[in-house]
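Architecture and fold: a report
If you want the building blocks of each chain, they are given just below.
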Amino acid sequence: MTKQALLLAAMVLVAGSAVMQSRARADEVAAEKPLPSAIEAALIMKEIVPEAPVYIRVFKEESELEVWKARPNGRYALVKTFPVCNWGGTLGPKRVMGDSMSPEGFYRVTPEGLKPDSKYHLAFNIGYPNALDRALGRTGAYIMVHGDCRSVGCFAMSDKYIEEIYAFVRDALNAGEPSIPIHVFPFRMTAENMKRHSENEARATWKPLREAFDDFARTREPPKIGMCGKRYVVNALTPVGNDPNADCPAVIGKRIAPLSPRSSKRLVKADPRLEAQGPKLKSAEANLGWKAPMFAWGTESATPSARPGKPSQNESDAALGAMQPIVKR
């Protein structure tokens with residue numbers, strides 16, 4: 001019986017290993033997939049080269065991720081908007097490891113951040129915490145954009161859409177871009193939305209995000225972000241570095257090149273503007289009542305959501321964005 005048990009255990013181990021290897025090979029293949037032909041055709045029609053720089057914006061409340069690419073003149077075109085299937089917590093910045101919050105702020109994806117072997121199909125690290133986060137004492141790590149639709153701090157997409165987003169990022173990095181800016185906003189920062197959220201305790205952190213949102217609407221150029229005085233500086237005229245502990249210049253000013261209204265309308269009309277359809281597990285109503293374990297703004301607690309029809313696993317995984325287990329339902 002002992003030999004039979006050992007043999008059975010060995011067979012199970014070999015079978016499990018084969019499944020894991022097969023899954024890993026499938027993820028490697030997914031990581032090399034080209035952009036869908038419809039996207040490539042849209043880029044060609046708009047005279048945008050496939051290797052053009054990429055700019056990504058994420059809007060938490062709307063659960064949307066936008067991919068923009070540079071035109072030959074340096075202005076950016078909105079190529080495609082993707083639904084974010086799931087993200088962690090509520091509106092406001094991530095503060096501490098384990099708070100289940102998705103961050104807000106200005107981040108960058110580097111070649112080292114690509115994770116083709118992620119347990120969540122494919123992933124890339126957005127670079128949280130950045131230098132300002134660290135200067136402000138914010139903690140946490142492994143905040144990803146990944147597949148599998150589960151999140152306790154990451155931005156989780158469907159497997160199909162993470163393949164497309166990953167391809168955008170991979171191709172731009174392979175073409176020589178040192179990094180890809182990914183800017184995370186609490187919502188589309190219109191005057192109406194700002195007024196609607198005027199009582200939110202996180203509003204004091206939103207000024208540079210609103211500034212970056214407005215500047216991009218005027219210029220179609222990704223905002224240039226500096227740091228000093230333990231704060232972000234957006235599109236500074238006076239040179240500002242990336243040391244959040246350095247003193248800010250006495251006079252900073254702003255350097256932008258706004259488009260004329262006519263040019264702006266012409267560019268908007270010429271954008272590819274593809275829009276993907278898919279599930280969004282976070283609702284605006286849920287955001288208002290969510291309570292983070294260590295930084296509460298709402299009145300109720302919440303457990304991380306899982307992919308519909310797929311039970312959560314009680315596991316601790318850094319790739320999910322928080323060093324805590326997913327809670328079983």
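Residues numbered from 1 in each chain as written. Predicted model: local features only at pLDDT ≥ 70, side-chain atom pairs only at ≥ 80, totals over all residues. Heavy atoms only, no water.

Mean pLDDT over the protein works out to 84, with 77% of the residues at or above the 70 mark. Low pLDDT, under 50, characterises residues 289-329; the predicted model gives this stretch 106 contacts beyond four residues in sequence or across chains. (pLDDT = per-residue confidence, 0-100. Contact = heavy atoms within 4.5 Å.)

Here is the key point about a regular strand: its side chains alternate between the two faces of the sheet. With six of six residues buried, strand 1 (residues 54-59) lies mostly within the body of the structure. In strand 1, alternate side chains face the same way, and those of Val 54, Ile 56 and Val 58 on one face and Tyr 55, Arg 57 and Phe 59 on the other are all buried. Between strand 1 and strand 2 (residues 64-70), which pair antiparallel and follow one another directly, the connecting turn spans four residues, one of which, Ser 63, has a positive phi of 55°. (Buried < 20%, exposed > 50% of the residue type's maximum accessible area, 1.4 Å probe, protein only. Helix = DSSP H or I, 4+ residues; strand = E, 2+ residues; numbered from the N terminus. Pairing = 2+ DSSP bridges.)

Further remarks concern the pattern of salt bridges. Scanning all chains against the criterion turns up 20 salt bridges. With its nearest N and O atoms 3.1 Å apart, the salt bridge here joins Lys 60 to Glu 104. With Lys 60 in the loop between strand 1 and strand 2 and Glu 104 in the loop between strand 4 (86-87) and strand 5 (105-109), the pair connects residues that are 44 residues apart, well separated along the chain. By relative accessible area, which is 4% here, Glu 104 ends up buried. Between Glu 61 and Arg 196 there is a salt bridge, and its shortest N-O distance comes to 2.8 Å. (Salt bridge = Lys/Arg side-chain N within 4 Å of Asp/Glu carboxyl O.)

Its place among the elements puts Ser 158 in the loop between strand 9 (155-156) and helix 4 (159-174). In this structure Ser 158 comes out as partly exposed when scored by relative accessible area, which is 21%. When the C-alpha atoms of Ser 158 and Pro 279 are compared, they prove to be 8.2 Å apart, with 121 residues separating the residues in sequence. Beyond its immediate sequence surroundings of up to four residues, Ser 158 is in contact with Cys 85 and Gly 147.

To continue, consider helix 6 (residues 207-219). Helix length check: helix 6 (13 residues) gives 18 Å between terminal C-alpha atoms against 18 Å at 1.5 Å per residue, within 8%. What helix 6 keeps buried is the set Pro 208, Leu 209, Ala 212, Phe 213, Asp 215, Phe 216 and Thr 219. Down the axis of helix 6, the buried set is contained in an arc of 170°. They therefore lie on one face. Relative to its buried face, helix 6 has exposed residues pointing more than 90 degrees away, namely Lys 207 and Ala 217. (Expected span 1.5 Å × (residues − 1). Arc of directions from axis to C-beta.)

A separate point is the nonpolar core. One finds Ile 56, Leu 65, Phe 82, Phe 124, Val 145 and Ile 182 to be the most contacted residues of the largest nonpolar core, which totals 61 residues. Residue contributions to this core peak at nine residues, all from helix 4. (Core = buried A, V, L, I, M, F, W, Y, C linked by side-chain atoms within 4.5 Å.)

Before going further, it helps to spend a moment on the layout of surface pockets. Roughly 300 Å³ of internal volume is contained in the second largest pocket. Lining of the second largest pocket is provided by 19 residues; of these, Thr 205, Lys 207, Pro 208, Arg 231 and Tyr 232 occupy positions nearest its centre. At the level of secondary structure, the elements contributing two or more residues to the lining of the second largest pocket comprise helix 6 and strand 12 (231-234). Looking at the lining of the second largest pocket, its residues break down into 10 nonpolar, three polar and six charged. (1 Å grid on protein atoms, 1.4 Å probe; cavity = no way out; pocket = protein on both sides within 12 Å on 5 of 7 lines; lining within 4 Å. Points joined across faces, edges and corners; volume = space filled by probe spheres on them. Nonpolar A, V, L, I, M, F, W, Y, C, P; charged D, E, K, R; others polar.)

In this structure the tally under the stated criterion is 10 aromatic pairs. Here Phe 82 and Tyr 161 contribute two aromatic rings whose centre-to-centre distance is 5.6 Å and whose plane-to-plane angle is 65°, an arrangement assigned as edge-to-face. With Phe 82 in strand 3 (residues 76-83) and Tyr 161 in helix 4, this pair connects stretches of sequence that are 79 residues apart. The same class applies to Phe 82 and to Tyr 161, which are both buried. Judged by centre distance (4.7 Å) and plane angle (85°), the rings of Phe 106 and Tyr 232 are edge-to-face. You can see Phe 106 sitting in strand 5 and its partner Tyr 232 sitting in strand 12, a full 126 residues away along the chain. Since its relative accessible area comes to 12%, Tyr 232 is described here as buried. Directly above the aromatic system of Phe 59 lies the positively charged group of Arg 188, at a separation of 4.1 Å from the ring centroid. Positioned over the ring face of Trp 87 is Lys 282, at 4.6 Å from the centre of the ring. (Phe/Tyr/Trp six-rings, centres within 6.5 Å; stacked < 30°, edge-to-face > 60°. Lys NZ or Arg CZ within 6 Å of the ring centre and 35° of its normal.)

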